[in-house]
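Each chain, written out:
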Amino acid sequence: MIAPSLPLSSELGEAPARYAHLRVRAWGLPAAVLLLVAGCVVVFAYRVHCFADLEPRTDQASAARLVQELRTDHFMPASRAERSFVLQLAGDPDSGLNRLLRYFFLTPHFMLSSLSLAYFYLGSWLLGDNWRAFVLLSIAASVVTLAVTTLWAYYACRGFLSDGSRAAGLIGAAGTFVAGAFCGYAHLFSPWGVHNVGVLALVAAGYVSSRCPVWSTRSSRWCWSGLAQVCAIYTHWTNLILLPPATVLAALVSPRAKPRKRVLFLATYAGATLVVVLPVIVLLAIKPQDFVYAGYSTASGSFDLASLASRAGGWFTAANRYFSIPGFALGIAGAILLGLWQGVWIPAAVIAAHWFAWAALPGFTWNGSPTELRTYNYLLPFLWLGIGVAVASALTCTQSARARALVLPATGFLLLAHLVLQLPLFGGPADVAVRLPLFYESYLCGQGRLRAVVRSIDARVPRRATILASDYPLQDVYFVLSHDRRPGAVVLTLWQRAKTHRLATHLAKYGYTTDCSSLYALLRPGQPGDSPRAVGAVLGANGFRCPERYHWKLLETYPVRSRCDYLGEIDLYRLQPAS
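This part is about the overall build of the protein chain. Each helix and strand in the protein chain was counted, giving 27 helices and five strands. Here the protein chain holds 579 residues, and the buried ones make up 53% of them. Partitioning the intrachain contacts of the protein chain with sequence separation of at least 6 by distance along the chain shows that 73% fall at a separation of at least 24. For the protein chain, the accessible surface area stands at approximately 25,900 Å², while carbon and sulfur atoms represent 65% of it.

Structure (structure tokens):
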């Protein structure tokens with residue numbers, strides 16, 4: 001079997017000759033590549049300078065904690081000749097594969113972030129599994145997204161000049177890079193984890209799909225496109241919401257898709273997508289509550305006409321928060337021009353799919369937390385691309401002097417206004433709080449407190465002590481920032497099983513154990529009222545088989561945040577068995 005090769009040129013036809021009045025001597029391509037690499041290095045260095053000392057928040061700490069747990073001394077289960085592989089896997093809870101599959105079973109939708117986790121897991125072997133390495137890898141993914149979008153703009157705009165010169169491509173690439181490098185929200189969100197990898201996979205899949213359409217009759221093209229789309233879907237579940245609808249929409253409006261074959265393509269594509277995500281569907285059927293948690297549905301969401309209209313209109317107002325109205329208009333105009341002139345409809349289709357998801361899925365904007373802070377990032381690269389296309393078309397494709405007198409100043413004004421509106425997002429936390437209070441409260445408020453608290457706790461707790469945490473967010477943020485500590489049980493989660501007399505079976509099934517000799521507890525204020533009973537049930541004869549009664553001594557109360565509902569305060573207790 002011969003491996004498919006990625007074509008070097010698009011199937012798209014040349015732009016009409018009437019738009020080719022302008023001739024620009026193009027720079028050498030090697031010089032442009034060097035400029036792109038240098039620009040990406042500068043952006044990466046600046047973002048690292050700004051964010052290297054950030055502290056994690058709940059979602060990011062959870063992902064980083066999983067990567068730490070996968071860094072065991074053996075990934076595959078210990079081999080035993082007398083047992084099958086399945087029994088070996090089930091009987092080795094300390095193997096990385098056991099921990100990964102257990103995580104996917106408990107939260108099936110995270111299977112659709114497998115490649116993001118693989119990216120951070122492999123990167124951890126190079127940079128370490130600490131939180132700072134997680135931030136560096138996240139920023140690297142955001143910068144590579146900028147590079148791929150710039151490359152896409154270069155190839156998309158090359159056909160604007162009928163003589164085939166690279167001038168329009170280089171202008172479009174320059175406009176896209178400027179729009180992306182000076183995008184304030186992309187800058188702010190760059191250190192915050194797996195969504196940056198998801199955006200990179202979406203842009204890469206869109207780029208490959210625009211040059212190798214899945215509706216192409218040549219197998220070498222749709223094989224590459226199909227592979228890119230599968231990778232994007234399994235990089236983050238948000239891409240499952242955006243990429244398939246965008247691909248179908250692009251196929252319906254593309255002049256390259258023959259009408260007689262569109263129905264066959266739609267049926268084949270829908271069936272293939274269903275097969276690709278079938279393992280996740282099966283697990284979601286077993287654990288339907290995770291379907292709600294993932295944001296595909298939400299009990300608090302409303303689907304009446306007024307709510308749908310409100311969310312549909314809110315998508316445009318969100319552009320003012322996370323981008324800018326001038327840049328938003330320029331980006332959408334450029335994406336539509338790219339489809340009309342070059343037949344590349346994927347960018348415009350992704351923008352349309354994002355608007356539809358924003359309106360139709362309540363969980364796309366709010367699911368117990370401000371989901372929009374994460375999902376809006378998936379739209380940004382396509383707006384950068386649209387801006388680059390708009391700039392290239394204004395400079396190279398304006399036919400008459402009168403039109404140039406209108407188009408060029410309008411494009412320049414919109415671009416300049418957009419860049420000026422980005423400046424506050426590059427300021428300090430106080431500037432961000434004015435422009436994006438929701439982002440500030442979720443990610444920046446209280447920065448600098450948590451690491452100091454962790455250092456203080458580490459100084460008071462013996463190195464080999466077992467630390468119980470009341471809940472997963474508290475456990476994750478502590479152990480991601482701490483070193484050489486042994487996490488104990490997550491008390492309140494296991495207590496639910498203890499109250500239904502299922503805890504002992506659960507612990508035996510997964511091989512969970514804990515050291516009872518030196519115990520400490522991290523709790524939120526107000527929880528100690530139930531904590532003695534919870535800890536006794538979890539650690540007692542029907543749990544970890546430790547003593548059931550303990551003396552509780554409050555060692556310290558640490559204020560982590562003020563004015564923000566994140567962790568509030570943390571109480572540190574020492575537990576000693578009651579005589």
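Quick look at helix α4 (residues 96-106) now. Restricting attention to buried positions, one finds in α4 the residues G96, L97, N98, L100, R102, Y103 and F104. Contacts from the buried residues of α4 go to α2 (58-70), α3 (85-90), α5 (114-127), α13 (278-286) and α26 (503-510).

We now examine the packing of helix α1 (residues 29-51) against helix α7 (residues 167-181). Closest axis-to-axis distance for the α1/α7 pair is 12 Å, and the angle between their directions is 0 degrees. Our classification of the angle between α1 and α7 gives roughly parallel. Listed contacts from α7 to A32, L36, G39, C40, V43 and R47 of α1 are L170, F177, G180 and A181. Here the contact of α1 with α7 is composed, by residue class, of seven nonpolar, two polar and one charged.

The next subject is the pairing of strand β5 (residues 569-577). Sheet topology note: the strand β3 (residues 519-523)/β5 ladder contains five bridges and is antiparallel. For L522, the partnering residue across the bridge sits in β5 and is L572. Summarising the sheet, strand β4 (residues 550-559) and β5 pair through nine bridges and their orientation is antiparallel. Bridge assignment links L554 to a residue of β5, and that residue is Y573.

Another point: the pattern of salt bridges. Per the stated rule, a full pass over the model turns up six salt bridges. Here E69 makes a salt bridge to R65, at a shortest N to O gap of 3.9 Å. With a gap of four residues between them, E69 and R65 both fall in helix α2, about one helical turn apart. Since its relative accessible area comes to 29%, E69 is described here as partly exposed. Here D94 and R99 are joined by a salt bridge, their closest N and O atoms 3.4 Å apart. By relative accessible area, D94 is classed as partly exposed at 45%. Given the relative accessible area of 22%, R99 is considered partly exposed.

This next bit is on the side chain of T107. With respect to the secondary-structure elements, T107 resides in the loop between α4 and α5. With relative accessibility at 18%, the residue T107 sits in the buried group. Within the structure, T107 has its side chain in polar contact with the backbone oxygen of Y103 (distance 2.9 Å).

Following the criterion strictly, the structure yields one disulfide and no others. Each disulfide pairs two cysteine sulfurs, and for C516 the partner residue is C546, the sulfurs being separated by 1.5 Å. On the criterion of sequence distance, the pair formed by C516 in the loop between α26 and β3 and C546 in the loop between α27 (531-539) and β4 is long-range, its members being 30 residues apart. In this structure C516 comes out as partly exposed when scored by relative accessible area, which is 22%. The class for C546 is buried, based on a relative accessible area of 7%.

A word on the nonpolar core. By size, the foremost hydrophobic cluster in this structure holds 120 residues, and its most contacted members are W152, Y185, Y376 and F439. For this core, the element with the highest residue contribution is helix α6 (residues 131-157), accounting for 13 residues. Formed by 20 residues, the second largest nonpolar core is a distinct cluster that contains L503, L507, A534 and L539.

Turning our attention to helix α9 (residues 194-211). Side chains that are three or four residues apart share a direction in an α-helix, a result of its 3.6 residues per turn. Given a rise of 1.5 Å per residue, 18 residues ought to cover 26 Å, and the 26 Å separating the end C-alpha atoms of α9 matches this to within 8%. Burial analysis of α9 places 17 of its 18 residues in the buried class, which makes it a mostly covered element.

The subject of this paragraph is the side chain of R374. With respect to the helices and strands, R374 occurs in helix α18 (residues 372-375). One polar contact links R374 to S369, side chain to side chain, over a distance of 2.9 Å. When near neighbours in sequence (up to four residues on either side) are disregarded, R374 contacts D59, F189, H195, S369 and Y443.

Next up on the list: the packing of aromatic side chains. Per the stated rule, a full pass over the model turns up 29 aromatic pairs. Ring geometry for W131 against F134: centres 5.3 Å apart, planes inclined by 20 degrees, an arrangement best described as stacked. Of this pair, W131 and F134 are both found in helix α6, three residues apart, which corresponds to roughly one turn of the helix. Their ring planes at 85 degrees and their centres at 6.0 Å tell us that F189 and Y443 sit as a pair that is edge-to-face.

A separate point is unusual backbone geometry. For H501, which is not glycine, the phi torsion reads 60 degrees and is therefore positive. Note on placement: H501 falls in the loop between α25 (491-499) and α26. Phi angles above zero are rare outside glycine, and R545 is one such case at about 60 degrees. Tracing the backbone shows R545 in the loop between α27 and β4. Taking relative accessible area as the criterion, R545 reaches 67% and is therefore assigned exposed.

Next up on the list: the environment of S142. With respect to the secondary-structure elements, S142 resides in helix α6. Overall, S142 belongs to the buried group, its relative accessible area being 7%. With 99 residues separating them in the primary sequence, S142 and V43 have C-alpha atoms 9.7 Å apart. In this view, S142 contacts R47, S190 and N196; residues no more than four positions away in its chain are not counted.

Quick look at the confidence of the model for the protein chain now. Mean pLDDT over the protein chain stands at 86; residues scoring 70 or higher make up 87%. Mean pLDDT in the protein chain bottoms out at helix α14 (residues 289-293), which sits at 70, and peaks at helix α8 (residues 184-189), which reaches 98. Contacts from residues 1-27, a stretch scored under 50 in pLDDT, to residues over four places away or in other chains number 56 contacts.

Let us now look at the environment of A433. Assignment of secondary structure puts A433 in helix α21 (residues 429-435). A433 sits in the partly exposed class, given a relative accessible area of 25%. For A433 and L444, which are eleven residues apart along the polypeptide, the C-alpha to C-alpha distance reads 8.7 Å.

The rules behind the values
Residues numbered from 1 in each chain as written. Predicted model: local features only at pLDDT ≥ 70, side-chain atom pairs only at ≥ 80, totals over all residues. Heavy atoms only, no water. Helix = DSSP H or I, 4+ residues; strand = E, 2+ residues; numbered from the N terminus. Buried < 20%, exposed > 50% of the residue type's maximum accessible area, 1.4 Å probe, protein only. Contact = heavy atoms within 4.5 Å. Areas by Shrake-Rupley, 256 points an atom, 1.4 Å probe, with all protein chains shown as cover. Axes fitted to C-alpha atoms, helices over the stretch in contact; angles between N-to-C directions. Parallel < 35°, antiparallel > 145°, perpendicular 65-115°, else oblique. Nonpolar A, V, L, I, M, F, W, Y, C, P; charged D, E, K, R; others polar. Pairing = 2+ DSSP bridges. Salt bridge = Lys/Arg side-chain N within 4 Å of Asp/Glu carboxyl O. Polar contact = N/O pair within 3.5 Å; in protein donor to acceptor, adjacent residues only side chain to side chain. Disulfide = S-S within 2.5 Å. Core = buried A, V, L, I, M, F, W, Y, C linked by side-chain atoms within 4.5 Å. Expected span 1.5 Å × (residues − 1). Phe/Tyr/Trp six-rings, centres within 6.5 Å; stacked < 30°, edge-to-face > 60°. pLDDT = per-residue confidence, 0-100.

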